[in-house]
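One letter stands for each residue in the lines below.
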There are 2 protein chains.
Amino acid sequence: MQIAILLFDGVTALDAIGPYEVLARLPGAELRFVGREVGTVRTDNGFLGLSCDRSIDDLERTEILVVPGGFGTRALLKETSLLEWLRRIHQTTRYTTSVCTGSLVLAAAGLLDDLEATSHWAALDELGALGARPTRQRVVEQGKVITAAGVSAGIDMALHLAAKLVGPEMAQAIQLGIEYDPQPPFDAGSVDKAPPAIVELVRQALARRNRR
Amino acid sequence: MQIAILLFDGVTALDAIGPYEVLARLPGAELRFVGREVGTVRTDNGFLGLSCDRSIDDLERTEILVVPGGFGTRALLKETSLLEWLRRIHQTTRYTTSVCTGSLVLAAAGLLDDLEATSHWAALDELGALGARPTRQRVVEQGKVITAAGVSAGIDMALHLAAKLVGPEMAQAIQLGIEYDPQPPFDAGSVDKAPPAIVELVRQALARRNRR
């Protein structure tokens, strides 16, 4: 099973590493981190370097594609050659997936036109402006395109995908392997559940960060 | 807030990146990935390179220490100089934490002697043999030592820690920022919940991998 995860400067690490940790455990997984160039990218906060082992120019096909999000996605929306590569590689995939604002990049490539899709809750309007039909679900499947909500949603998306690829028993084995029995100390992980003042606090912080 | 996350060859990426994604969002966070040498380590499956930006020899103090797990921990259990560094840096921390089999390394350094602690569910016997009192909880706090269960449990541990450090409102804002509203497609993330046949399958696969 060939799996490619796109990396770029300004990626949110957990968007990529959540699906990686699940999909790398698929039997026969060959997982590659790819980017515009071989080398190291830095994450959105600058605190972590992640290795791109292969250039997208050398990747002509993949069964699974994962496009993570992060503030760095906004620069990608205008990168014509990257968007062209996405359209080309999408022709070869069994599943094209995104996590968080990775869906904005898929949308900019035209891959979400008139499809239901999701993104980080604070980016759903942007997603709509790029031609998708935003929906506030954690995992949205439309044919071979699967989009996930913000950051941590990539773990749920990848388990959902694993079940489609290799069946529910293996997906459960992977879930047990990563001991994914979530017990967050608060129930504030969505805009419907978090106190309104906290939603507003985070919305404003994200908007400030996006303007930078 | 100075935060150090230890990296090493054979680390499980999500063990490190779960806490990173939460703790990096603390106000004023200065988060560093540290290892025996500056450079790149490869994860347990070899699919990912992560950058160590600082050598532990150059890190004399940190407020928060996170020790992730992975098959690579077994080699660390005999590394005298690393265990000595752990004992030294532990004297300087506000909180010393681990995820998954990272607790084996803390135990080998003597930091869990007679303390309740947790680890990946399949490593609890090993943890006991190293002097800790294994307990099957997702997050175990004993004074300034906090251990988390397998892989994904580091996210819950870090939110718990964030609440202690900066209060529940900020911890909830971080949870909402990473949209941590878990919706796994199965309820198989613990040995108590997964079908027994799947527990046995995973146990055997992990034992085979540990012998290699």
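See the structure printed just above.
Residues numbered from 1 in each chain as written. Chains lettered and ligands numbered in written order. Predicted model: local features only at pLDDT ≥ 70, side-chain atom pairs only at ≥ 80, totals over all residues. Heavy atoms only, no water.

Enumeration according to the criterion identifies 24 salt bridges over all chains in this entry. A salt bridge links B:R42 to A:D53; the shortest N-O distance between them is 2.8 Å. With one member in each of two chains, B:R42 in strand β3 (residues 39–42) and A:D53 in the loop between β4 (49–52) and β5 (54–55) form a pair that bridges those chains. Relative accessible area serves as the criterion here: at 28%, B:R42 is assigned to the partly exposed category. In this structure, a network of salt bridges that share partners links the residues A:D181, B:D187 and B:K193. (Salt bridge = Lys/Arg side-chain N within 4 Å of Asp/Glu carboxyl O. Helix = DSSP H or I, 4+ residues; strand = E, 2+ residues; numbered from the N terminus. Buried < 20%, exposed > 50% of the residue type's maximum accessible area, 1.4 Å probe, protein only.)

The subject of this paragraph is the relation of the copies chain A and chain B. Each copy of the sequence occupies a distinct position, and chain A is placed on chain B by a rotation of 180 degrees and an axial shift of 0.0 Å, giving an RMSD of 0.0 Å. Within this description, the copies of the chain are treated as partners about a two-fold rotation axis. Closest approach to the rotation axis within chain A is made by the C-alpha atom of A:L50, at a distance of 2.5 Å. Mapped onto chain B, 100% of the interface residues of chain A again fall at the interface, so both copies present the same surface. (Least-squares fit on C-alpha atoms with pLDDT ≥ 70 in both. Contact = heavy atoms within 4.5 Å.)

All right, on to the packing of aromatic side chains then. All names here are of chain B. Under the defined criterion, the tally for this structure stands at two aromatic pairs over all chains. Consider the rings of Y20 and F33, whose centres lie 5.6 Å apart with planes at 40 degrees: the pair is tilted. One end of the pair, Y20, is in helix α1 (residues 13–23); the other, F33, is in strand β2 (residues 30–35), and 13 residues separate them in sequence. What makes Y20 buried here is its relative accessible area of 0%. (Phe/Tyr/Trp six-rings, centres within 6.5 Å; stacked < 30°, edge-to-face > 60°.)

Moving on to the pairing of β2(B). Residues and elements named next belong to chain B. Examined bridge by bridge, strand β1 (residues 2–6) and β2 share five bridges and lie parallel to one another. Bridge pairing in β2 links Q2 to E30. Taken together, β1, α1 and β2 constitute a β-α-β crossover, and its handedness is right-handed. Pairing between β2 and strand β5 (residues 54–55): two bridges, direction parallel. (Pairing = 2+ DSSP bridges. Right-handed = clockwise from strand over helix to strand, strands pointing away.)

As a further point, take the environment of A:L115. Residues and elements named next belong to chain A. Along the chain, the position of L115 falls in the loop between α4 (102–108) and β8 (116–117). Placed 26 residues apart in sequence, L115 and E141 show a C-alpha to C-alpha distance of 9.4 Å. Residues contacting L115, with those up to four places away along its chain left out, are A132, R133, Q142 and V145.

For the rest of this paragraph, the subject is the interface of chain A and chain B. In this complex, chain A contributes 65 residues to the contact, which on the side of chain B involves 65 residues. Of all residues in chain A, A:F47, A:L176 and A:E179 give up the largest surface area on contact with chain B, accounting jointly for 14% of the area buried on that side. The interface formed by chain A and chain B holds four salt bridges in total. In this structure, the salt-bridge partner of B:K193 is A:D181, at a minimum N-O distance of 2.6 Å. (Buried area = accessible area lost by both parts, 1.4 Å probe.)

Residue placement: A:T96 occurs in strand β7 (residues 95–99). If we skip the residues at most four places from it in the chain, A:T96 touches A:L65, A:H90, A:L106, A:K144, A:V145 and A:I146.

Residues and elements named next belong to chain A. The seven strands are arranged β5-β2-β1-β6-β7-β11-β10 in an open sheet whose pairing can be described as mixed. Because the sheet does not close on itself, it has two edges, and the strands there are β5 and β10 (139–142). Bridge count between strand β1 (residues 2–6) and strand β6 (residues 64–67): three bridges; the pairing is parallel. The residue bridging A4 from the neighbouring strand is L65, located in β6. Each of β1, β2 (30–35), β6, β7 and β11 (145–148) is contacted by helix α3 (residues 80–90), which is oriented at about 150 degrees to β6, the strand it contacts most. Against the sheet, helix α6 (residues 153–166) makes contact with β6, β7, β10 and β11, and its axis sits at roughly 165 degrees relative to β7, the strand it touches most. (Axes fitted to C-alpha atoms, helices over the stretch in contact; angles between N-to-C directions.)

Residue and element names in this part refer to chain B. Taking 1.5 Å of rise per residue, the 14 residues of helix α6 (residues 153–166) would be expected to cover 20 Å, and the 20 Å separating its terminal C-alpha atoms lies within 8% of that figure. The element α6 is extensively covered by neighbouring structure, given that eleven of its 14 residues are classed as buried. Buried within α6 we find A153, G154, I155, D156, M157, A158, L159, L161, A162, A163 and L165. (Expected span 1.5 Å × (residues − 1).)

A few words now on the environment of B:T92. Residue and element names in this part refer to chain B. Checked against the element boundaries, T92 lands in the loop between α3 (80–90) and β7 (95–99). Spatially, the C-alpha atoms of T92 and G35 are 18 Å apart, while their sequence positions differ by 57 residues. Residues contacting T92, with those up to four places away along its chain left out, are E60, R61 and T62. Polar contacts involving the side chain of T92 include one to the main-chain carbonyl oxygen of I89, which spans 2.7 Å. (Polar contact = N/O pair within 3.5 Å; in protein donor to acceptor, adjacent residues only side chain to side chain.)

A few words now on the environment of B:A194. Along the chain, the position of B:A194 falls in the loop between α7 (168–177) and α8 (196–211). With a relative accessible area of 6%, B:A194 lands in the buried category. In this structure, the C-alpha to C-alpha distance between B:A194 and B:A107, residues 87 residues apart in sequence, is 28 Å. The residues touching B:A194, leaving out its near neighbours within four places in the chain, are A:L176, B:D187, B:A188 and B:V199.

Another point: the pairing of β6(A). The two faces of the sheet receive side chains in turn, since in a regular strand these alternate between them. All names here are of chain A. In β6, alternate side chains face the same way, and those of I64 and V66 on one face and L65 and V67 on the other are all buried. Alignment of β6 against β7, held across four bridges, turns out to be parallel. Residue pairing for β7: I64 is matched across the bridge by Y95.

Looking now at α8(B). Under the 1.5 Å per step criterion, the end-to-end length of α8(B) is 23 Å for 16 residues, consistent within 8% with the ideal 22 Å. The set of residues buried in α8(B) consists of B:I198, B:V199, B:V202 and B:L206. Looking straight down α8(B), one finds that the buried residues subtend no more than 100 degrees of arc, so they occupy a single side. Pointing more than 90 degrees away from the buried face of α8(B) are the exposed residues B:P196, B:A197 and B:R211. Packed against the buried residues of α8(B) are α7 (168–177) of chain A. (Arc of directions from axis to C-beta.)

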